[in-house]
Amino acid sequence: MKFLCVECDRQMQFEERRLPGDGTLAAAFRCPTCGRVVALLTNPMETQLVASLGVKIGGTTLPPQPMEMVRGMVATGRDDAFDDARERGPGSGPSWSTEAQERLARVPNFVRGMVKRIYLDYAKDRGIAEITPAVMDTARTELGLEGM
Amino acid sequence: MPLNIRTYHELTDADRSGLVDQIVAQRRRVADRLASVRRVVAVLSGKGGVGKSFVTAGLARARARSGQAAGVLDADFNGPTAPQLLHLPVTSCTLHDGVIEPLVSAEGVRCFSMTFLVEDGRPLAFRGPDTEAFVWRGALEAAALREFLADVAWGALDELFVDLPPGVQRFQELTELLPAPPAVLAVTIPTPESRDAVRRALRGAIDRKATPLGIVENMVGGPFAGSAGDELAAEFGIPVLARVPFHPGDHVWDAIIQGAL
């Protein structure tokens, strides 16, 4: 997927991705010559179709998580389907604020372990000491974690 | 005056989304995971109710009893039965080094199934928009198949049996995901109706360069009349590997494994 600034005859560069949480997606592209920005807006069905392929507009920034699509998209998953506890032993990773813990607790158990791991890796990679709801929001947008 | 708009391939800067590269990486992950699997066998029929899952489980158990390593990927996401047929309890899946451990039966058959992931008594349902689900549901199921192949620690296997649902769509998805077309085992019951459905599925498999191993005629000696196995074997030039009666004992499956398969 590429965008062309016809006036400048230059390929536009991916700028950022936003997931408002209503199933839609916005991806902004900027012309490196004139600075014009256009946004690609997809409706929930189009967003779902792209997500179904397991690809991310704007590129991937994380290594693939095991069963990432299944865990992120199955609505009738068993609460005890995955035993994530053994995957990551105790360590000196980033801490979680109380608000972030509360928010994480609202994530269905089926996907919670994977979501937690993604946020931890995101914070660790960026030297973030404490995961807060704001960090989760930023990570969600940057990483393209629709619905997480 | 018409606009001068260059086409996709005329734009030489990298596409940062790299969607094609992402797809290629997915395929590579599948190939890497299956590098230690000697043979993938797709069990198909094109027809529902002929006993594909039953045959799959019987053969996998016999393979394990013979001392070889066997796995069953239950690709029937909407009607999974492999765990029950392998006498596997439903327990939590564990993760290890970024992959998911398959569950292992008492006989040593490794298995992964939607049974382990979806709530008892509920259908496989996906999150997403309520309308036009037919547009994306097939893609999601294909992605689930890819993850079952790539994200399960199958390990070194002599044979990975893929228990397919009725129809040919899942087989087509499988062949697109695998680095090479799978071997195919066709299951039929004796009736002409089953023969006709299996013929379509087998033809589709051969069109996709799959290697047909042979026919297993199931539910022989019961109420179903016909000679579907022989007719399909003659038509495709492949053997009838076995005629499986109702309530077969282990010796029936062992004979197939020790024989032609």
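Residues numbered from 1 in each chain as written. Chains lettered and ligands numbered in written order. Predicted model: local features only at pLDDT ≥ 70, side-chain atom pairs only at ≥ 80, totals over all residues.

Colleague: Kindly report on the overall build of chain A, identifying the contributing residues and their values.
Modeller: Along the backbone of chain A there are five helices and eight strands. In chain A, the succession of helices and strands from N to C terminus is β-β-β-β-β-α-α-β-β-α-α-β-α. Per-residue burial for chain A yields a buried fraction of 34% across its 148 residues. Considering only residue pairs separated by 6 or more positions, chain A has 58% of its internal contacts joining residues 24 or more positions apart. (Helix = DSSP H or I, 4+ residues; strand = E, 2+ residues; numbered from the N terminus. Buried ≥ 20, exposed ≤ 12 C-beta atoms within 10 Å, placed from the backbone. Contact = placed C-beta atoms within 7 Å.)

Colleague: Kindly report on the environment of A:Ile128, identifying the contributing residues and their values.
Modeller: All names here are of chain A. Take Ile 128: it is sitting in the loop between helix 4 (109–125) and strand 8 (130–131). Remark: the alpha-carbon pair of Ile 128 and Thr 47, spanning 81 residues in sequence, is separated by 30 Å. Here Ile 128 is in contact with Pro 94, Ala 123 and Val 135, once residues within four sequence places are set aside.

Colleague: Describe the nonpolar core, listing the residues and the values that go with them.
Modeller: The biggest cluster of nonpolar side chains holds 99 residues, and the ones touching the most others in it are B:Ala42, B:Val43, B:Val162 and B:Ala186. Ranked by residue count, the leading element in this core is helix 4 (residues 133–150) of chain B, at nine residues. The residues touching B:Ala186, leaving out its near neighbours within four places in the chain, are B:Leu44, B:Ser45, B:Val198, B:Ala201, B:Leu202, B:Pro212, B:Ile215 and B:Leu232. Residues A:Met12, A:Leu19, A:Ala27 and A:Phe29 belong to the second largest nonpolar core, which totals eight residues. (Core = buried A, V, L, I, M, F, W, Y, C linked by C-beta atoms within 7 Å.)

Colleague: Which residues make up the domain arrangement of chain A, and what values do they have?
Modeller: All names here are of chain A. Here the domain parsing of chain A yields domain 1 (1–59) and domain 2 (60–148). Each partner contributes to the interface: domain 1 provides nine residues, whereas domain 2 provides seven residues. Within the residue set of the side of domain 1 that touches domain 2, elements represented by two or more residues are strand 3 (13–18) and helix 1 (44–52). Looking at the side of domain 1 that touches domain 2 residue by residue, the classes come out as two nonpolar, four polar and three charged. (Domains from an automatic or database assignment. Nonpolar A, V, L, I, M, F, W, Y, C, P; charged D, E, K, R; others polar.)

Colleague: Any chance you could break down unusual backbone geometry for me, citing the residues and the numbers?
Modeller: For residues besides glycine, phi is generally negative; the peptide bonds are generally trans as well. Here the phi dihedral of A:Asp9 falls at roughly 55°; this positive angle occurs in a residue that is not glycine. Mapped onto the fold, A:Asp9 is located in the loop between strand 1 (4–5) and strand 2 (10–11). Its 13 C-beta neighbours within 10 Å are what place A:Asp9 among the partly exposed residues. Even without being glycine, B:Lys209 reaches a positive phi, approximately 70°.

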